[in-house]
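# Overview (structure and organization)
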There are 2 protein chains.
Amino acid sequence: MFINNAVTDLFEIEYPIIQAGMVWVSGYRLASAVSENGGLGLIGAGSMKPDLLREHIRKCRNATSKPFGVNIPLLRGDAAELLDATIEEGVKIVFTSAGHPGKFIEKLRAADMTVVHVVSSVKQGLKAQETGCDAVVGEGVEAGGHNGADQITTLCLIPQLADALEIPVIAAGGIADGRQILAALSLGAAGVQIGTAFAATVESSAHENYKQMVISSKDNDTVLAFRRIGLMRMLKNDFAAKALSAELNGESEENLREILGRKREMTGIFEGDSREGAMEAGQSSGLVKELLTVEQLMRNLIAGFDSAAMVVQKMI
Amino acid sequence: MFINNAVTDLFEIEYPIIQAGMVWVSGYRLASAVSENGGLGLIGAGSMKPDLLREHIRKCRNATSKPFGVNIPLLRGDAAELLDATIEEGVKIVFTSAGHPGKFIEKLRAADMTVVHVVSSVKQGLKAQETGCDAVVGEGVEAGGHNGADQITTLCLIPQLADALEIPVIAAGGIADGRQILAALSLGAAGVQIGTAFAATVESSAHENYKQMVISSKDNDTVLAFRRIGLMRMLKNDFAAKALSAELNGESEENLREILGRKREMTGIFEGDSREGAMEAGQSSGLVKELLTVEQLMRNLIAGFDSAAMVVQKMI
């Protein structure tokens, strides 16, 4: 994989592979390891207060001299503070998700930030481009955690985004191996964002139980629940079964919110409650087979890409 | 596109592009046009009685000397008669779906048939291989019409099927352009099956209203409904809205069956009732932009594949 394109240029990285900023998973250890290995690591601010984010940014900078970024879910009440912390700590790359970056764009531009927004439809992609984002992550419904209501899959979303936008498109959702990276580039993406596979690495701060659940899961071991109050993809367990059955029975939004409760993601991903926690993970879980270090995973991704490319090259 | 692989060999065709056998859409006109243009056309027996199927097979043979096949949904009460008609008329390729080919395999083998089964999970794929099928179609949840309960997307399903099976895997679900064919081959498929894009061609027997709805639809214009009684993907209209809202409200199976009613697909696809019919279509609808002949569509698919291959080749 010797790729020199809009995404490697934009972030000044070796491989167009971005590690998704994930709650309870991607602190400075994971992000710095990904950046050190030639990808782009993102600190997931979604489960951090501004002070903790500052700490992770500083530790990340100590751990790597290479570029890294911060992911900020804009629906958080303190999104502005998280953005300020990111800017003040001198990070130059921010990925925004869950919301719209419009009201922050001037401040981000003034701070000379590279801004990437996560979208799940063509309409959202056009809006992000119009707002002035430098690139978008097109995230298909395969992705773990929160999902766009339109439920568009990566295979269908990426070519339509590539047709509609002039800014680079980064493919996300369901990607965990090198063949899929080649597929994403075939569809018109200039890079990929990978979540679940990185969440199950040694350097991820997810609980061991979470990593083992991802590793042992099969092709059909995730569910998409809570359509009524905001779609969430997670591994099957008691909590997921309860959520699905409540949905089938037509429970009210209020009851669904009660079933969801508070801090389910922390309980699952960080504390390792494999029955009652929300074990958010993508449909790519079935492709994750063993506990690897980030270095090993990056090596596998690149080798998988290269051997898929050789197979395809013989065909074309 | 000069591809010589397990799928082109198996069916003795020029391009590894198969036109899905679809109810009310793929009679002899569509199937023969696809085969004439170097792909594999399939007559969709799902909306035919055995005598009508015989008629279509004969007309198809008059229209093309190239190989074509028949798709038979095995859950139909008269599946055995449809299979007998297919065998007696001398067709050598059968695609089976919606059910399990186990109880028919000996008869099919005795008739020297090439048998391909449509699967939507790795477990189903392994079972089809064990039964003695020559290949599988791995169909992702992007696909129009009836869908597997596991809702696995094409991007995630195909590499897992390719890893698990020794027989060739044909990718289906969400594929409507050449970039996606290249993506499918990158994922480990040896060919693709395309439904919606062919359903919207001149030679398809779908109603003009259906074709126009596919052509004018955007990325987010399909829904997946009836989880409780058998998932169905279709274009948004009054009927789809009713189905979705009934599902959200937790209606009983009985009520859902009543909402579904009878012959919804015929009403929609064949008779063109764009409000109350089931306009079954895949999530690829957003990629279908104009009414084309099969010849034009095949040319576009191949040109799109070739130009995506050129772009990717520069990268690898």
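Residues numbered from 1 in each chain as written. Chains lettered and ligands numbered in written order. Predicted model: local features only at pLDDT ≥ 70, side-chain atom pairs only at ≥ 80, totals over all residues.

## So, the overall build of chain A
Scanning chain A for helices and strands turns up 14 helices and eleven strands. In summary, chain A has a C-alpha radius of gyration of 18 Å against a globular reference of 20 Å for 316 residues, a match within 12%. In terms of overall dimensions, chain A has a C-alpha envelope of 50 × 50 × 40 Å along the principal axes. Per-residue burial over chain A gives 59% buried out of 316 residues. Sequence-distant contacts, at least 24 apart, represent 63% of the contacts inside chain A between residues at least 6 apart. (Helix = DSSP H or I, 4+ residues; strand = E, 2+ residues; numbered from the N terminus. Rg over C-alpha atoms; globule rule 2.2 N^0.38 Å. Buried ≥ 20, exposed ≤ 12 C-beta atoms within 10 Å, placed from the backbone. Contact = placed C-beta atoms within 7 Å.)

## Here's the deal with the pairing of strand 6 (residues 135-139) of chain B
Residue and element names in this part refer to chain B. Counting buried residues along strand 6, five of its five residues qualify, which places the element largely inside the surrounding structure. With burial as the criterion, each face of strand 6 is covered, one bearing A135, V137 and E139 and the other bearing V136 and G138. Between the parallel pair strand 5 (residues 114-119) and strand 6, the chain is carried across by helix 6 (residues 122-131), and the sense of this crossover is right-handed. Pairing analysis gives four bridges linking strand 6 to strand 8 (residues 169-172), with the strands arranged parallel. (Right-handed = clockwise from strand over helix to strand, strands pointing away. Pairing = 2+ DSSP bridges.)

## Here we look at the domain arrangement of chain A
Residues and elements named next belong to chain A. Its domain assignment divides chain A into domain 1 (6-206 + 285-310) and domain 2 (218-284). On a C-alpha basis, the centroid separation for the pair domain 1 and domain 2 is 23 Å. Between domain 1 and domain 2, the residue contacts involve 25 residues of the former and 19 residues of the latter. Those elements that place two or more of their residues in the side of domain 1 that touches domain 2 are strand 7 (145-146) and helix 9 (196-199). For the side of domain 1 that touches domain 2, the leading source of residues is helix 9, giving three residues. Considered class by class, the residues forming the side of domain 1 that touches domain 2 number 13 nonpolar, eleven polar and one charged. (Domains from an automatic or database assignment. Nonpolar A, V, L, I, M, F, W, Y, C, P; charged D, E, K, R; others polar.)

## Things to note about unusual backbone geometry
With the exception of glycine, most residues fall at negative phi, and the peptide bonds are largely trans. In this structure, A:Q151 is a non-glycine residue whose phi angle is positive, near 55 degrees. Position of A:Q151 among the secondary structure elements: in the loop between strand 7 and helix 7 (154-164). Positive phi, close to 50 degrees, is recorded for B:A98, a residue that is not glycine. Tracing the backbone through its elements, the reader meets B:A98 in the loop between strand 4 (93-97) and helix 5 (105-110).

## Some words on the nonpolar core
Ranked by internal contacts, the top residues of the largest apolar core, which has 216 residues, are A:V136, A:I170, A:V192, B:V136, B:I170 and B:V192. Excluding residues within four positions of it along the chain, A:I170 makes contact with A:V7, A:I18, A:A135, A:V136, A:V137, A:G138, A:A189, A:A190, A:G191, A:V192 and A:Q193. (Core = buried A, V, L, I, M, F, W, Y, C linked by C-beta atoms within 7 Å.)

## A short note on the relation of the copies chain B and chain A
By a simple turn and slide, chain B fits onto chain A: the slide is 0.0 Å along the axis, the RMSD is 0.0 Å, and the turn is 180 degrees. Viewed as a symmetry operation, the transformation between the two copies matches a two-fold axis. A share of 100% of the interface residues of chain B reappears at the interface of chain A, consistent with the copies meeting face to face through the same patch. (Least-squares fit on C-alpha atoms with pLDDT ≥ 70 in both.)

## Overview of the sheet that holds strand 10 (residues 222-225) of chain B
All names here are of chain B. Strand order in the open sheet formed by three strands is 7-11-10, with antiparallel pairing between adjacent strands. Strand pairing shows two members of the sheet lacking a second neighbour, strand 7 (145-146) and strand 10, which therefore form its edges. Where strand 10 and strand 11 (residues 232-235) come together, four bridges link them in antiparallel fashion. Note on strand 11: the bridge partner recorded for A225 is M232. On top of the sheet, helix 11 (residues 238-248) reaches strand 10 and strand 11; it is set at about 40 degrees to strand 10, its chief contact. (Axes fitted to C-alpha atoms, helices over the stretch in contact; angles between N-to-C directions.)

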